[in-house]
Each structure stands twice: as C-alpha cells, then as structure tokens.
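# Tertiary structure, described
For reference, the chains in residue letters:
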Amino acid sequence: MIFATLEHILTHISFSIISIVITIHFMTLLVHEIVGLRNSSERGMIATFLSITGLLVIRWIYSGHSPLSNLYESLIFLSWSFSIIHMIPKIRNNKNYLSVITAPSAIFTQGFATSGLSTEMHQSAILVPALQSQWLMMHVSMMLLSYAALLCGSLLSVALLVVTFRKNINMFFKSKNYVLVIKSFLVGEVEYLNDKRSVFKNTSFISFRNYYKYQLTQRLDYWSYRVISLGFTFLTIGILSGAVWANEAWGSYWNWDPKETWAFITWIIFAIYSHTRTNKSLQDTHSALAASIGFLIIWICYFGINLLGIGLHSYGSFTLTSN
C-alpha cells in the first residue's frame, strides 16, 4: 500500500514539475532578459528526472521485476528517457537546443500513460512466461531509449525541413531580383547601375537575416545527427538483444512478427539516413527527409502494433480509457 501511495505521489510531482518547465519555456520565448527562468527550467527537468527515477525504482521493488512489462510502464520509461536526452547537451556545457522537444515529449508521454490508458494497465501483474527472462531489461530499455532519441532527432529534422523550405522560398524570390538586374544590363548601363545599387542594399539586409537562419539550420542539423546516431546505436543493440531473447523464448532468432518487421523497417530507414550523411550532396534536406519518414515509422512500430494487439508481442497491447 505504501509503495502504491509513493508511486502515486511521485507521478503527480513529476507531472506537475514538467508542466511548470513547459510554462517557463514559453515565458523564455517571450522574455529573454530573465536569465533565471532558463536556469529554473533546467533544474525542473533534473527534478522531473529524479521523480520518474524514484517512481520506476519503487515500481520495480514492489513488483519484483523491471518496470517494462506493459505499455504503461514503457511510456513512463519513455518519458524518463526524454529527460535523459534533455541533459545530453549539459555534458559538454552546450546550450540546450533539445529542451523545446524533450520537455513537451516527456509531458505528453507521461500524461497519456496516466490518463489515456485504462486503470487496469496501471497495475503491475505477474509476467507472462515470454517476459520472464534476464533479457527483458536489456532489450526493452535499449528499444525505448532508441525510440526517445530517434523521435527527438527526427523532430529536429522536421524543424530543419520547415526552416529550409522557407529559406528556399526566399531564395526563389531573391533570384527574381537578379534576373531583373541581368535584363537591365541588356537595356542600358545606367539603369543597370541603379538597379545594382538597390540590389546590393537588399542583398546586404537579406544576407544579414539569412546568417541567423544559416546558424539555426546548422544547429538543427548538428543536434539531429548526434541524437539520431545515438538512437540508431541503441536501436541496433535492442534488435540484436531481442533476437537472442526470441531464440531463447520461441526457438528462433527471427519470426517476422509485426513488431520485429516494423523494428527492422525502422532500422533500415535510419540506416539510409546514416548513409546520406556520408554524402555531402545528400546532407541537410535529403537526410532530414529520411529522418522525417522515420518519425512516422517509429510511431507505427511502437504504438500502432500495440494498438492492433497482433503477433507474438500482443502482450504489449492496451485499452484506452472510456468516458
């Protein structure tokens, strides 16, 4: 009883803190002068991480197994993973550009876990025979950490596509000015010189403005590549450990189960992303497009298969709350 009460308290504490963190983020977007707000949000994410860690530890103690046996527990672990990824830039004392994604992702997953699932899913139950293995912690934790990292990196790639799309539109309209200059050269040298002065004035303003867009795209590309590379490593380890576990539980390393198939498709998509990074002509937009497709594939693999409740992983299916 006391463990359930502590879990309930920590769930509300972590959810409340992360809500305050998101509010602070919105305030910092409007008021840049208050430096203390940004520091408060960072402390809030650390407090959220500690609260969810305590929640998982308590659930582990009273259930007798790692808290990764159903969708509710996996969503809580996914929220915990987002808070870990949030703190990655702090390792090198870099400015945290991931907070805009990690904080909302953490509150979304935890909010859905606590209020979007039926109360039966919140209860810890005895593990089914297939889950009674030492590979449970290794495989599921690696997969969920990979999902968190790949989702964050993919969202950064989506943001990169949005910024690049606007940049390409601006360049398109900008190119029309140069066409007018060339035409004016054919008409007359005087008109050309006048138009050239006006174009240089406009170009200096546009280049000054695009410099910050260039910096933004470089940061988005840098962090999306770093986070996706981390997630791809976790995904590879998770699939390999899952194959060993499948051989132990079902007698074969690969069964083309829907969950396994979509995990393999996810791996292929991000392998393509990693390949595009080796070719400079395919970087930025092309690699971001591959990561954006991967964002949808991850949700199908993690959420869609559980929603259908089919295959050998059907013990991960769930029921939504009814009004």
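Cut-off values and rules
Residues numbered from 1 in each chain as written. Predicted model: local features only at pLDDT ≥ 70, side-chain atom pairs only at ≥ 80, totals over all residues. Heavy atoms only, no water. Helix = DSSP H or I, 4+ residues; strand = E, 2+ residues; numbered from the N terminus. Contact = heavy atoms within 4.5 Å. Areas by Shrake-Rupley, 256 points an atom, 1.4 Å probe, with all protein chains shown as cover. pLDDT = per-residue confidence, 0-100. UniProt positions renumbered as here; feature names shortened; annotations may be inferred. Phe/Tyr/Trp six-rings, centres within 6.5 Å; stacked < 30°, edge-to-face > 60°. Buried < 20%, exposed > 50% of the residue type's maximum accessible area, 1.4 Å probe, protein only. Expected span 1.5 Å × (residues − 1). Bend = angle between axes of the 7 residues up to and from the residue. Salt bridge = Lys/Arg side-chain N within 4 Å of Asp/Glu carboxyl O. Axes fitted to C-alpha atoms, helices over the stretch in contact; angles between N-to-C directions. Parallel < 35°, antiparallel > 145°, perpendicular 65-115°, else oblique. Left-handed = near helix turned anticlockwise from the far one by under 90°. Nonpolar A, V, L, I, M, F, W, Y, C, P; charged D, E, K, R; others polar. Patch = residues over 30% accessible without salt bridge, like charges linked within 9 Å, V, L, I, M, F, W, Y side chains within 5 Å.

The next thing to look at is the overall build of the protein chain. Regarding its fold elements, the protein chain presents ten helices and zero strands. Along the protein chain, helices (α) and strands (β) appear in the sequence α-α-α-α-α-α-α-α-α-α when read from the amino end. Here the analysis covers contacts within the protein chain between residues at least 6 apart in sequence; of these, 79% occur between residues at least 24 apart. For the protein chain, the accessible area works out to roughly 17,400 Å², and carbon and sulfur atoms hold 69% of it.

Moving on, we come to the confidence of the model for the protein chain. Looking at the protein chain, the pLDDT average stands at 75 and 70% of residues meet or exceed 70. Scored below 50 in pLDDT, residues 171-193 makes eleven contacts in the model with residues more than four places away or belonging to other chains.

Right, let's get into the UniProt feature "transmembrane region" (unreviewed entry) in the protein chain. The UniProt record annotates "transmembrane region" (unreviewed entry) at residues 12-32, 44-62, 97-117, 137-165, 223-246, 261-276 and 288-312. Within residues 44-62, the helical portion is 100% and the strand portion 0%, while the C-alpha atoms at the span's ends are 27 Å from each other. A helix fraction of 100% and a strand fraction of 0% characterise residues 137-165, whose end C-alpha atoms lie 41 Å from each other.

So, about the packing of aromatic side chains. Evaluated as defined, the whole model comprises twelve aromatic pairs. Note on Tyr-147 and Tyr-302: the rings are 5.4 Å apart at their centroids and 55° apart in plane angle, and the pair reads as tilted. Residue Tyr-147 is located in helix α7 (residues 135-187), and its partner Tyr-302 is located in helix α10 (residues 285-308); the two are separated by 155 residues in the primary sequence. With respect to class, Tyr-147 is no different from Tyr-302; both count as buried. Connected via pairs of aromatic rings, a cluster forms that spans Phe-112, Tyr-147, Phe-295, Trp-299, Tyr-302 and Phe-303.

Glycine aside, negative phi is the norm for most residues, and most peptide bonds take the trans geometry. With a phi angle near 55°, Trp-256 is a residue other than glycine that sits in the positive phi range. Along the polypeptide, Trp-256 turns up in the loop between α8 (189-250) and α9 (258-277).

What follows is about α10. For α10, built from 24 residues, the straight-helix expectation of 34 Å at 1.5 Å per residue is met to within 8% by its first-to-last C-alpha distance of 33 Å. The axis of α10 is deflected most strongly, by about 35°, at Ile-300.

Here the focus is the pattern of salt bridges. Applying the stated criterion to the full structure yields two salt bridges. The partner of Arg-59 in a salt bridge is Glu-73, and the shortest N-O contact between them spans 2.6 Å. Of this pair, Arg-59 sits in helix α2 (residues 35-63) while Glu-73 sits in helix α3 (residues 71-86); the two residues are 14 residues apart in sequence, bridging distant segments of the chain. Here Arg-59 and Glu-73 have matching classes, each one buried.

Moving on, we come to the packing of α9 against α10. Orientation of α9 relative to α10, taken along the N-to-C sense of each, is 165°, at an axis distance of 9 Å. The pairing of α9 with α10 is recorded here as roughly antiparallel in orientation. Of the two possible hands of crossing, α9 and α10 adopt the one that is left-handed. Among the residues forming the contact of α9 with α10, the class breakdown is 18 nonpolar, five polar and two charged.

What follows deals with helix α5 (residues 99-115). For α5, spanning 17 residues, the distance from its first C-alpha to its last is 24 Å, which sits close to the expected 24 Å at 1.5 Å a residue. Every buried residue belonging to α5 is among Ser-99, Ile-101, Thr-102, Ala-103, Ser-105, Ala-106, Ile-107, Thr-109, Gln-110, Gly-111 and Ala-113, and all of these are buried.

Looking now at the packing of α3 against α5. Running from N to C, α3 and α5 point in directions that differ by 165°, and their axes come no closer than 8 Å. When the axis of α3 is compared with that of α5, the two are roughly antiparallel. Considering how the two elements wind past one another, α3 and α5 form a crossing that is left-handed. For the pair α3 and α5, the contacting residues are Tyr-72, Leu-75, Ile-76, Leu-78, Ser-79, Phe-82, Ile-85 and His-86 in the first and Ser-99, Thr-102, Ser-105, Ala-106, Thr-109, Gln-110, Phe-112, Ala-113 and Thr-114 in the second. Residue composition of the contact of α3 with α5, by class: nine nonpolar, eight polar and no charged.

Right, let's get into the environment of Ser-157. Mapped onto the elements, Ser-157 comes out in helix α7. According to the relative accessible area criterion, Ser-157 is buried, its value standing at 1%. Separated by 138 residues in sequence, Ser-157 and Phe-295 place their C-alpha atoms 9.5 Å apart. Beyond its immediate stretch of four places on either side in the chain, Ser-157 contacts Ser-224, Ile-228, Ala-288, Ala-291 and Ser-292.

Taken together, Ile-2, Leu-6, Ile-9 and Ile-13 make up a surface patch of nonpolar side chains, about 350 Å² in accessible area. Checked against the element boundaries, Ile-13 lands in helix α1 (residues 2-30). On the accessibility criterion, Ile-13 (38% relative accessible area) is partly exposed.

In this fold, Ser-292 is placed in helix α10. The buried category is assigned to Ser-292, whose relative accessible area is 14%. Ignoring any residue separated from it by four or fewer positions in sequence, one finds Ser-292 in contact with Ser-157, Val-158 and Leu-161.

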